[in-house]
Amino acid sequence: MIRTLVALALVALISGGAYLALGPSNDTSAGSDGPAPQEGAALVEVILPETLSGQAQIGQRVFEAACAQCHGQNGAGRDGSGPPLVHRIYEPSHHGDAAFNLAVANGVRSHHWPYGNMPPVAGLTNADVAAIVRYIRDLQQANGIF
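Residues numbered from 1 in each chain as written. Predicted model: local features only at pLDDT ≥ 70, side-chain atom pairs only at ≥ 80, totals over all residues. Heavy atoms only, no water.

Draft legend 1. Spatial organisation of the side chain of His 95. Mapped onto the elements of the fold, His 95 is located in the loop between α3 (68-71) and α4 (97-106). In this structure His 95 comes out as buried when scored by relative accessible area, which is 0%. (Helix = DSSP H or I, 4+ residues; strand = E, 2+ residues; numbered from the N terminus. Buried < 20%, exposed > 50% of the residue type's maximum accessible area, 1.4 Å probe, protein only.)

Next up, the structure:
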């Protein structure tokens, strides 16, 4: 049963990455004829919430230290590095909190997106990941992603 749930979560995470790479984004410039983003540029525009919960504040600090190098400041993604987490593909009904836990613990094999494999992230506790997820969920909510 556990293996099935893990496999399903990984398939959902991989499918989400494929959708992100191939599907529409919440970037307000999507579809414009403007220049392509520069390497390392944010992939989406993120609206910050007025306040963050205490757990989300902790998650923000951990995210900045462990995740932002690839997933960008405030989860906006980074061209050439990693997908935005503030995107409807990562909404809770599609990528539950467990998917984030699995990605951190096991990494994610690249499937259709151009960012390469995500390695496991060493040194993060379950509490760290829970705080990161709370931070991402607060950001998602502020951006209309429920």
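Draft legend 2. Summary view of the packing of α4 against helix α5 (residues 126-142). Here α4 crosses α5 at 130 degrees, and the two axes come no closer than 10 Å. Regarding the angle of α4 to α5, the classification is oblique. In this structure, α4 crosses over α5, and the sense of that crossing is right-handed. Between α4 and α5, the residues in contact are Asp 97, Phe 100, Asn 101 and Val 104 and Val 129, Val 133, Ile 136 and Arg 137, respectively. Class assignment for the residues of the contact of α4 with α5 results in five nonpolar, one polar and two charged. (Axes fitted to C-alpha atoms, helices over the stretch in contact; angles between N-to-C directions. Parallel < 35°, antiparallel > 145°, perpendicular 65-115°, else oblique. Left-handed = near helix turned anticlockwise from the far one by under 90°. Contact = heavy atoms within 4.5 Å. Nonpolar A, V, L, I, M, F, W, Y, C, P; charged D, E, K, R; others polar.)

Draft legend 3. Local environment of the packing of helix α2 (residues 54-66) against α5. Where α2 meets α5, the closest approach of the two axes is 7 Å, and the angle between their N-to-C directions is 105 degrees. With respect to their mutual orientation, α2 and α5 come out roughly perpendicular. Between α2 and α5, the contacting residues are Gln 55, Ala 56, Ile 58, Gly 59, Gln 60, Val 62 and Phe 63 on the first element and Asp 128, Ala 130, Ala 131, Ile 132, Arg 134, Tyr 135, Ile 136 and Asp 138 on the second. Considering only residue class, the contact of α2 with α5 consists of nine nonpolar, three polar and three charged.

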